[in-house]
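# Per-entry structural report
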Amino acid sequence: MLDEAKYIWQDGKLVDWKDAKTHVLTHSLHYGNATFEGTRAYKTDKGLAIFRLEDHTRRLLNSAKILAIECPYSFEEINKAHIDLLKANMECYTENVYIRPLIFLGYGVMGLYHANAPVNMIIAAWNWGAYLGEDGIKNGIRVKTSSFVRNSVKSMMGKAKASANYLNSQMAKYEATQCGFDEALLLDDNGFIAEGSGECFFIVKDGELVTPPHANSLESITQDTVLKIANDLGIKVIERKITRDEVYTADEAFFTGTAAEVTPVRELDFRIIGAGKRGEMTRKLQDAFFEVVSGKNPKYNKFLTYVN
Ligand SMILES: *Cc1c(COP(=O)(O)O)cnc(C)c1O
């Protein structure tokens, strides 16, 4: 169950968690046009800090634009709303916090044509630890190549973090979980590796880091952070297409995402990857990542928005 906090920011006001409600004829509930972000705030020596808030807000507003949703709030208003909410809920936050802003089409019109629907926005933030489990972070997870192909750029718009795009993700996650795996790995419509159900993918081969280019998919903020960290550590990074059989024989593999953070992959389709546990380079990048988000690397302080 969700670890409830005190307030949710809803359409410009802080309302009690239990009162943040919407009508059953909410447009987005029926047709799926909505956009969200997943953002995290980490504990630091100077209190809670939101990681790359401005980058998440920028992407949220770009997603709304792509989806032809006119967000009634400005970049500055959205950033401030995040801080106001976290301040108001501070006593509830006993661990790292996951933040979920959502812009959706509300109650008032039905039918597919959405341009006259009112636009609503909420931001919720609650205690949420490792998305793929603490054990997954330490020891790696088991993954299955999905029978679902990642949304094609010919029919969906992957640059938007759109709720509708997540039907594909959700079905892939369901299939993988029901089959006894922790996560799904989706291929693109040419058969190359696209990404996980909600996270980017990396392999390590002969000391080099390889990740698929995101020409058709979301510009991931965590992937970008990990690539910057790899650069700092002098690790050679190659952005190129990867096939599933290459993963079977890779030395290491891992997922990155705001929710997944840096999670090692120890098995794909019953093939043990490398030593079958968190690899050395994965651990190095993971350690550096957690230093960055928790404010222990001054070079990346610009990415932290301190709440107090
Ligand atoms: C959100 C998301 C990611 C991860 O992006 P981050 O910016 O790193 O959180 C990866 N893939 C998909 C499909 C996503 O929606």
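For the structure itself, consult the block above.
Residues numbered from 1 in each chain as written. Predicted model: local features only at pLDDT ≥ 70, side-chain atom pairs only at ≥ 80, totals over all residues. Heavy atoms only, no water.

Here the focus is the packing of aromatic side chains. Scanning the model with the defined rule gives 14 aromatic pairs in all. Judged by centre distance (5.8 Å) and plane angle (90°), the rings of Trp128 and Tyr131 are edge-to-face. Judged by relative accessible area, which is 32%, Tyr131 ranks as partly exposed. For the ring pair Phe202 and Phe254, a centre distance of 4.8 Å and an interplane angle of 10° mean the geometry is stacked. Taken together, the residues span a long stretch of sequence, with Phe202 in strand 11 (residues 200-205) and Phe254 in strand 14 (residues 252-257) at a distance of 52 residues. Of the two residues, Phe202 and Phe254, both sit in the buried class. By way of ring pairs, the aromatic residues Trp17, Tyr98, Trp126, Trp128 and Tyr131 are connected into one cluster. Note that Lys46 overlies the ring of Tyr306, its terminal NZ or CZ placed 4.5 Å from the centroid. (Phe/Tyr/Trp six-rings, centres within 6.5 Å; stacked < 30°, edge-to-face > 60°. Buried < 20%, exposed > 50% of the residue type's maximum accessible area, 1.4 Å probe, protein only. Helix = DSSP H or I, 4+ residues; strand = E, 2+ residues; numbered from the N terminus. Lys NZ or Arg CZ within 6 Å of the ring centre and 35° of its normal.)

Let us now look at the site of the ligand. The environment of the ligand is formed by 13 residues, the closest being Lys161, Tyr166, Glu195, Thr222 and Thr258. Here Ser220 contributes a side-chain N or O atom positioned 2.7 Å from an oxygen atom of the ligand. At a separation of 2.6 Å, an oxygen atom of the ligand approaches a polar side-chain atom of Thr258. About the coverage of the ligand: the protein hides 95% of its 380 Å² of free accessible area. Grouping the amino acids of the shell around the ligand by side-chain chemistry returns 3 nonpolar, 5 polar and 5 charged. (Near = heavy atom within 4 Å. Polar contact = N/O pair within 3.5 Å; in protein donor to acceptor, adjacent residues only side chain to side chain. Areas by Shrake-Rupley, 256 points an atom, 1.4 Å probe, with all protein chains shown as cover. Nonpolar A, V, L, I, M, F, W, Y, C, P; charged D, E, K, R; others polar.)

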